[in-house]
Amino acid sequence: IHLVGLDIPKRVYIVACGTSYHAGLVSKRLLEQIAHIPTEVHIASEFLYDQPLIGDKPLFIFISQSGETADSRGVLDKIKKQGYPTLAVTNVQGSTLYREADFKLLTHAGPEIAVASTKAYTAQIAVMALLAIHLANVQGLQSPVDMFRELRTISTAMEALIEKKALARQIAHEYLTGKHSCFFIGRLQDYAVCLEGALKLKEISYIQAEGYAGGELKHGPIALIEEGTPVFVLITDSRIAKNIRSNAEEVRSRGANTCIIAVEGLDHQGDAWVLPRVHPLLTPLVSVIPFQLIAYYA
């Protein structure tokens, strides 16, 4: 009901901060792959002072757990003055973003108990997947996969991962005890999830952590790898599995202590954690959970 009157945009601009920005990076692929709508993702605090050129028939989507994120509110006010349509994806009904956006979607994640956002991230991605499906249906686009059915299978996979607390505790102890810096590497969607994994570790344990696209390592960051540096490697996409394993070997040859987390079917003997296989577009909903748990136990 909150999307009644929403026209199909020619371009989507996602505006967010922190964890919500990382959810936006995953959502970009959902909107482009499912709804075939070009999508840009912007950090609110940057957009506020440096607005890009806006294309014809845009839709601005503001993702925020609280609905009170100051920088996002500033951009919303700026965009509304220009007359562009806005949509808020938030967890708090009645919040400023919820009240002031033209359209709104609640994530229904429940109270976020942790200071570091966890379930809000997965809820945001799930809601953005539903939005992508809605926009595809309105355009008459036929998906070869029943995305609703795929989303229903996600909860089972997530519950199975959450039960592996002992494994997460073991990994945190083995790789992060006494460490002061850490790297997360992945490619494509895995890169977006690695950014979130690094943020969670920083927020919770105060260990310096950075997420990198695997192919970028050789352009500078690999110089920081030394004996015993923990490097978490995420592999969920068959197209780049060999590439990212090659990156893992590069850092291992420099003394890194590599922890490989791979999806079932792409796993090798010796990988630290094997994830259940789900639809490729929805893997961030499950692949982030090991990182969240590892950060917690760290």
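Preceding this section is the structure that the text describes.
Below is a summary of the structure that appears in this document. In this text, all values refer to a predicted model and were calculated from it rather than measured experimentally.

Conventions we followed
Residues numbered from 1 in each chain as written. Predicted model: local features only at pLDDT ≥ 70, side-chain atom pairs only at ≥ 80, totals over all residues. Heavy atoms only, no water. Pairing = 2+ DSSP bridges. Helix = DSSP H or I, 4+ residues; strand = E, 2+ residues; numbered from the N terminus. Axes fitted to C-alpha atoms, helices over the stretch in contact; angles between N-to-C directions. Buried < 20%, exposed > 50% of the residue type's maximum accessible area, 1.4 Å probe, protein only. Contact = heavy atoms within 4.5 Å.

1. Considering the sheet that holds strand 8 (residues 230-235)
The five strands lie next to each other as 7-6-8-9-10, forming an open sheet whose pairing is parallel. The open sheet has two edge strands with one neighbour each: strand 7 (208-213) and strand 10 (273-275). With direction set aside, neighbouring strand axes in the sheet form an average angle of 20°. The sheet contact formed by strand 8 and strand 9 (residues 257-263) spans six bridges and is parallel. Counted as the bridge partner of Phe-232 is Cys-259 from strand 9.

2. Describing unusual backbone geometry
Here His-36, not a glycine, exhibits a phi torsion of approximately 60°, which is positive. By secondary structure assignment, the location of His-36 is in the loop between helix 1 (18-34) and strand 2 (39-43). In this structure His-36 comes out as exposed when scored by relative accessible area, which is 53%. At Tyr-206, a residue that is not glycine, the phi angle is positive and equals roughly 65°. Here Tyr-206 shows up in the loop between helix 8 (189-205) and strand 7.

3. With respect to the side chain of Asp-237
Position of Asp-237 relative to the elements: it lies in the loop between strand 8 and helix 9 (241-253). Of the residues examined, Asp-237 reaches a relative accessible area of 11% and is grouped as buried. Leave out the neighbours within four places in its chain, and Asp-237 touches Arg-29, Leu-188, Asp-190 and Leu-266.

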